[in-house]
Structure formats: C-alpha cells, structure tokens
Amino acid sequence: MSLAQHVTANEGIDRVPPEGEEDSYNNEEFLWRTLSYDVFPPGDGAGPISSPESSLPNTAAYKVSTAKRAAQVGFAIVACWFAAGIVYGFASLKPVLIEEGVYGDLCQVADRSDDGTGDGSEKLPCAAQDMRLNLFFIAASITTNASSLIAGWVLDRYGRRLCYVFSGLFMIAGCVLMGLAFQIPEFDGYLVANILLSLGGTFVFVPSFQLANAFPKHSGIIVALVTGAFDGSAAIFLFYRLAWEASGRTFAPATFFFGYTIVGVLLLIGEWALMPAHAYHSTPELERKLEKAQDATRDVHDSDDELESPGAIRRVRSARAERRLSKLEQIEELVGDETQREDRVQAEEGRQAASGIWGVLHGVPAHRQMLTLWFLLLLLLTVLQMLRMNYFIATIRAQYRYLLQSEKLAEAINHFFDVALPVGGVFATPFIGLLLNNLSVATASAVLTFFIVLIGVLNCLPYAWAGYSTVVAFVLFRPLYYSAVSDFATKIFGFATFGRIYGTITCLSGLVNFVQSGLDALTHGPLNGDPTPINAAMAAGGTILGLALTTYVIVQGRYFRRELQQKEAAERVQERLSLIREEREAEEAGYGTMGD
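Residues numbered from 1 in each chain as written. Predicted model: local features only at pLDDT ≥ 70, side-chain atom pairs only at ≥ 80, totals over all residues. Heavy atoms only, no water.

1. Remarks on the environment of Leu242
Note the following rule: Helix and strand definitions follow DSSP, with helices as H or I runs of at least four residues and strands as E runs of at least two, each counted in order from the N terminus. Exposed residues in this analysis have more than 50% of their type's maximum accessible area, buried residues have under 20%, and partly exposed residues fall in between, with area computed by a 1.4 Å probe over protein chains only.
With respect to the helices and strands, Leu242 occurs in helix 7 (residues 236–246). Residue classification places Leu242 among the partly exposed residues on the basis of a relative accessible area of 40%. C-alpha separation for the pair Leu242 and Ser92, spaced 150 residues apart in sequence, amounts to 9.1 Å.

Next comes the structure, spelled out in structure tokens:
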C-alpha cells in the first residue's frame, strides 16, 4: 500500500506566523495553499507569508466546456482504476503465479507439492518459491512509495502531462516484460516488470489529484473518486484470476499481459487527444482573478484621455466593463458565488476547530518539524503499520494455512480477501473524509489504535470466523490509516511543508519494507511457518505507538488550546487599552480646544 494513494483534501489553509516568530500567534497570516508532493520545494517549504507559485503555465477552467472537463476527470478516474494500484492485487495473482510454476525451479524435488494438505484445489509453494514470490510484491510496494516522491517532483517541475506519458510508457514496458517472462521460461523479467507496473501506477495516480481543479466546487468529490479508483484497481488481478479459472486455466498470463498493454496505449492516446496540456488554475489563483474581475477601476485606462468625445469614452469603458463582468460570471460559476465561497471557508474553519490541534506546527521550517515528537511518533507508527499491512497482503494464504491447518479454509479466506480488499476500499472512501473532518485528531488516533488492537488480536486466533473478521477489519482500517496520515500531516505540519514531511514518511516506510523478506525467512525457518509470534509482536508494537501518539496529541492539544485562549484574552485586553487610549486622547484634544 502506498502512502501517496490516500488524501482527503488537495488544498487548505495554513497558519503562518510573522517572519522569525514561528512560535508566536500575534499578527499571524492565513494562506490558502494547494497540496504538493514535491519533496524538494524551493526554500525551506515554510515561507513566512507567501508560498512560491509554479512557473508552469496554467489553463483557465472556465474557458473549457463543462462536458470536456467532465470527460477529462472521468478519463483520469478510469485510468487510475486500470493502472494506479494493480500491484496491490498480488494476493489474487499469487495462486496463478504458483500454478504457472513461476520460481518453481527454486524448489527441491522433495519440497514440491501439488495438493499440500490434500483439501485445497491449488498447488502449494515451497518455502523458497513463496519467499521469492513475496519479494515480487515487496519490490513493487517499495517502488510505489519511493516513486511517489519522484512523481511529485516531476509533477511540480514539468506538469501532469509528462507524468501521464511516463505512466503510459511504464505500463506498456511492464506488461510486455511480464508477458515475455511467462512466454520465455529462461527470461526472469517478473521482478522488473512488476516494478515498472508500480511506476506506471504512481505516475498516473499522483497527478490525477490535480484534475480536482477542473471543478473547484466539487474538488472533494473528485479526490474521493480518484482515491476510490486506486482501491478498486486492486481488483484487476482478481478479475483476471476469475477469467483464468473460468477458461479452465487456458487464459495464459502471457496473453493477459500482452493484451493489457492496451491500457498504456490508451493512456497515451487519451493524454494527447483529450487531457489538458497544462494544469487548471488552483483556488488561490482563481481568487486573485476574481478580485481583479470585481475591480471596477480596471475599466478606466489612462489612454481614455486620447479619445475624442465623452461618448466614445463611455462606449469603450462600457465594453471593458461588459468583458470584465462576463469573466466574473464565468469564474463565479466555477468557484461559486460569494455565499458559496463563504460556506466553503466556514466548512474549512469547522474542520480546523474539530481537529483540536490545527496549526500547531504551521510556519515552522520542515527540518525543525522533523525534530519533534509529533513527527517521530507518526513516522514510527506508519513504518510499522505499512510493514504489517504488506506482510499480511503477501502472506494471508500461508498464515491461515498454518493457523487453520487447512488449505481449503485458507483458500476460502484468501478468495474472500481478494474481493474485500478493493470493495472495502471503495466503500470506505466517502465515509473516511466525513470521519476525519468531524473528529479531533486525538479521537481519530484513538480509533486507529482500536483497529490496531482489534486486528492484532483477531489475526492471532486459529479460527475461521477470526480470519474473516480480520479481513473485514483490515480492509476498512487500511484506507482509513493512510488517509489519516495525510490528514494529520496537513493539520499538524501544514500544506507548505507537506511534500517534505509526507515524502520522508513515505520513503522511509517504503524502505523499511525490505525487512519483510527477513520476516518471511524467519517464518519459514525458525518459526516453522507459524506467523503468530510476528503478528503478536507487530500488534504489541503498534498498540504501544498508537497509545503514545494518542496520549501525546491529547496532552499537546490541551496545551495548544490553552495558548490560543491566552492569546485571545491578550488581544481583548489590547483592544480595550486601545479604546481607553483613544478616549483619553480625544478628551485631551477637547480640553485643548476649550482652552484656546
């Protein structure tokens, strides 16, 4: 699972203290900023008052028809559904890989088994084959997280179009290599091919959030649809496995992957035939255009004095006013009228108030933010949860084969998981935004900790009902956790440093997934296939870190709110003193006049 794949908002407000006064709440500024994945932004990423503007050209969405913009958003969602997260359907593809004998040459003759426990319908992998297949997934997972940083950098520096082109090329190359690997036994291209597919997914997914600017009033819905498309893409390999089984296992993987190159081809065609060449204006940019369109003084030019008659001046200024008002109407149709914009600001303020800690580290340089317990606790918890989730995805069949001592039951739970993973993600996405927007960060952290404990306990019980319950809890927790991480990052650290903070968490969490190979070796070796010690250890570690984060948020939140209350009280005192001072000055001025 990639951290980059779940965000709850693509823009928001940052609290920015005066320059050189990061810990001060006096005379602070508030800026509406757009989320960026760029981990290498100009400067430190927490400018005192303004954020750097992109040097890339932009397109005015109000100059493009509604139908065309809707088609562009629809194309992006479909592209994400077919490409963004297909590598996370590994649990569905793994039985096909085993049946096709992928890495079967690693097994000794004595280790080979066609029926395992005798009650399953599919072959069982030997330890060496199972670990190599899991590495196939681990490499793709790590690549997805690390490449999100590169994709963010390319997006901010060169635009969405180049990202989509890269995605199309990666998809085509990955599918061709995968097809050749299945067709030519001597050619081991599986690992590289899966890495290319993960790159293709990242380079189409991360830039797709930018399409939310096509309909600013509905940007939240678009973000949710794109996120849901990522979750749904995990079903691609499930659909293939079902077709493979329905064909009597004659629908060869090589045929599927060679045919799937059409996705990359259509992505390239659609990019040049339909998609916008440049990004649409963000909300802050549209707000500035709106201010200009509302300025009636722009109807008057110095060159008007050169006109011969007052009538000509009126006609010229009237034409300018007409064009300005027409533009104003177009912009307001896009972003909403004054009432709708005010409602949007109030909704954002409500979200800030509900969080309990909004703005606690806003305006602080990124390197200082990374030295705080806020960052350290969030990083450690995320590293552990990503490792635990990817370990579960890669080993679910083997875990329940051991726990239930039945290949048939393990196969049934695996197949249930194959369906539940994409369906659960799509189902949960719209509710996650509502949940995170209305709960405090402390409460949301407590909910995450509850899921960590619940999954940890259920995943250690050797019962079929516990296996199904674990899957249900897992597929709901997975999108919730990753959405919560991005949500916490914007509320605690701010949009200005989001790229560096989120990028660091993403990269380190991905790199730690190399440990998963060691966990596989430990499971197949000293633990003799028993996943319980590893599951129990990760559950205990997650519980401790979850409780620590929740407690820290509660304590610091109270301290932060007390500071805000003191600030507000100080401001009221200053207002009263100013009024008293003005009254005294007025009285003294009055006495002076009487004396004269």
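2. Description of the packing of helix 7 against helix 8 (residues 253–273)
We apply this condition: Axis geometry follows a simple rule: fit a line to the C-alpha atoms, using only the stretch in contact for helices, then measure angles between N-to-C directions, giving values from 0 to 180 degrees. Our angle categories are set so that under 35 degrees counts as roughly parallel, over 145 as roughly antiparallel, 65 to 115 as roughly perpendicular, and the remainder as oblique. Whether a crossing is left-handed or right-handed is set by the direction in which the near helix is turned from the far one by less than a right angle, anticlockwise for left-handed and clockwise for right-handed. Only heavy atoms enter the contact rule, under which two residues are in contact if any of them lie within 4.5 Å. Residues are grouped as follows: Ala, Val, Leu, Ile, Met, Phe, Trp, Tyr, Cys and Pro are nonpolar; Asp, Glu, Lys and Arg are charged; all remaining types, including Gly, are polar.
Where helix 7 meets helix 8, the closest approach of the two axes is 11 Å, and the angle between their N-to-C directions is 135°. Here helix 8 runs oblique to helix 7, going by the angle between their axes. Both helix 7 and helix 8 take part in a crossing whose hand is right-handed. When helix 7 is examined against helix 8, the residues Ile236, Phe237 and Tyr240 are found in contact with a partner set consisting of Pro253, Phe256, Phe257 and Tyr260. Its residues assigned to classes, the contact of helix 7 with helix 8 comprises seven nonpolar, no polar and no charged.

3. Side note on the pattern of salt bridges
Here is the rule: We define a salt bridge as a side-chain nitrogen of Lys or Arg found within 4 Å of a carboxyl oxygen belonging to Asp or Glu.
Tallied over the full model, the rule gives eleven salt bridges. Taking the shortest distance from any N to any O, the salt bridge between Asp418 and Arg241 comes out at 2.3 Å. Of the two residues, Asp418 is situated in helix 14 (residues 407–438) and Arg241 in helix 7; the sequence distance between them amounts to 177 residues. Classification of Asp418 by relative accessible area gives buried; the value is 3%. One salt-bridge network, held together by shared partners, links Arg397, Arg401, Glu407 and Glu411.

4. Topic: helix 3 (residues 127–158)
The condition is simple: Here the expected length of a helix is defined as 1.5 Å per residue gap, with one fewer gap than residues. To get the bend at a given residue, fit one axis to the seven residues ending there, fit another to the seven starting there, and take the angle between those axes.
Here helix 3 is 32 residues long and its end C-alpha atoms lie 45 Å apart, about the 46 Å a rise of 1.5 Å per residue gives. At Ser147, helix 3 is deflected by roughly 30°, the largest bend along its length.

5. Considerations on the environment of Leu180
Mapped onto the fold, Leu180 is located in helix 4 (residues 160–183). As for Leu180 and Thr255, which are separated by 75 residues in sequence, their C-alpha atoms are 9.8 Å apart.

6. Observations concerning unusual backbone geometry
Phi is positive for Gln405, close to 55°, though the residue is something other than glycine. Under the relative-accessibility criterion, Gln405 is labelled exposed at 59%. Within the chain, Asn528 stands out as a residue other than glycine whose phi angle is a positive 55°.

7. Remarks on the side chain of Asp418
Spelled out, the test is: Two N or O atoms count as a polar contact when they lie within 3.5 Å, although within protein this holds only if one can serve as hydrogen donor and the other as acceptor, and sequence-adjacent residues are included solely when both atoms are side-chain atoms.
Here the side chain of Asp418 touches Ser92 through a polar contact of 3.2 Å, side chain to side chain. Sequence-distant contacts of Asp418, defined by excluding residues within four places in its chain, comprise Ala91, Ser92, Leu238 and Arg241.

8. Re helix 14
Look at helix 14: 43 Å from first C-alpha to last across 32 residues, which is about the 46 Å you get at 1.5 Å a residue. At Thr429, helix 14 shows its strongest bend, of approximately 40°, with the proline Pro430 following within four residues.

9. Overview of the state of the cysteines
Selection criterion: The disulfide definition used here is simple: a pair of cysteine sulfur atoms within 2.5 Å.
Tallied over the entire structure, the rule returns one disulfide. Across a sulfur-sulfur distance of 1.9 Å, Cys107 and Cys126 are joined as a disulfide pair. Taking the sign of the S-S torsion, -85° for the link of Cys107 and Cys126, the bridge is left-handed. Note that Cys107 is positioned in the loop between helix 2 (90–99) and helix 3 and Cys126 in the loop between helix 2 and helix 3, a separation of 19 residues in sequence. Here Cys107 falls in the buried class, since its relative accessible area comes to 9%. Residue Cys126 is classed as buried on the basis of its relative accessible area of 6%.

10. Structural notes on the packing of aromatic side chains
Test applied: Aromatic contacts are taken between Phe, Tyr and Trp rings whose centres are within 6.5 Å, Trp giving its six-membered ring; a plane angle under 30 degrees counts as stacked, one over 60 as edge-to-face, and the others as tilted. Only Lys NZ and Arg CZ are tested; either one counts as a charge over a ring when it is within 6 Å of the ring centre and within 35 degrees of the ring normal.
Scanning the entire structure with this criterion turns up 33 aromatic pairs. Look at Trp153 and Tyr158: their rings are 5.6 Å apart centre to centre, the planes differ by 70°, and that puts the pair in the edge-to-face class. By relative accessible area, which is 30% here, Trp153 ends up partly exposed. Ring centres 5.3 Å apart and planes at 45° place the aromatic pair Phe427 and Phe431 in the tilted group. In this pair, Phe427 and Phe431 are both assigned in helix 14, four residues apart and thus about one turn of the helix distant. Of the aromatic side chains, those joined through ring pairs into one cluster are Tyr103, Phe182, Tyr190, Phe237, Tyr240, Phe251, Phe256, Phe257 and Tyr260. Just above the ring of Phe215 sits the side chain of Arg69; from NZ or CZ to the centre is 4.7 Å. The aromatic ring of Tyr164 is capped on one face by Arg160, whose charged end is 4.6 Å from the ring centroid.

11. A short note on the side chain of Glu407
Counting through the fold element by element, Glu407 comes out in helix 14. Polar contacts involving the side chain of Glu407 include one to the side chain of Arg401, which spans 2.6 Å.

12. Focus: a negative patch on the surface
We apply this condition: What makes a patch is a set of residues exposed beyond 30% relative accessible area and free of salt bridges, joined within 9 Å when like-charged and within 5 Å when nonpolar (Val, Leu, Ile, Met, Phe, Trp, Tyr). Using the Shrake-Rupley algorithm and a 1.4 Å probe, accessible areas are obtained, with residue cover drawn only from the displayed protein chains. Within this scheme the basic residues Lys and Arg register as positive and the acidic residues Asp and Glu register as negative, but His and the chain ends are omitted. Taken as the charge location is NZ of Lys, CZ of Arg, CG of Asp or CD of Glu.
Among the surface-exposed residues, Asp337, Glu338, Glu342 and Asp343 lie close enough to one another that they form a single negatively charged patch. If you trace the backbone, Glu342 turns up in helix 11 (residues 338–355).

13. Quick look at a positive patch on the surface
A cluster of like positive charges, contributed by Lys63, Lys292, Arg298 and Lys327, occupies part of the molecular surface. Tracing the sequence through the fold places Lys292 in helix 9 (residues 283–294).

14. Observations concerning a nonpolar patch on the surface
The grouping of Phe416, Phe427, Phe431, Leu434, Tyr468, Val472 and Leu476 at the surface amounts to a nonpolar patch, some 630 Å² of accessible area in total. Those elements giving two or more residues to the nonpolar patch turn out to be helix 14 and helix 16 (464–492). Looking at the nonpolar patch, the element that brings in the most residues is helix 14, giving four residues. Relative accessible area serves as the criterion here: at 52%, Phe427 is assigned to the exposed category.

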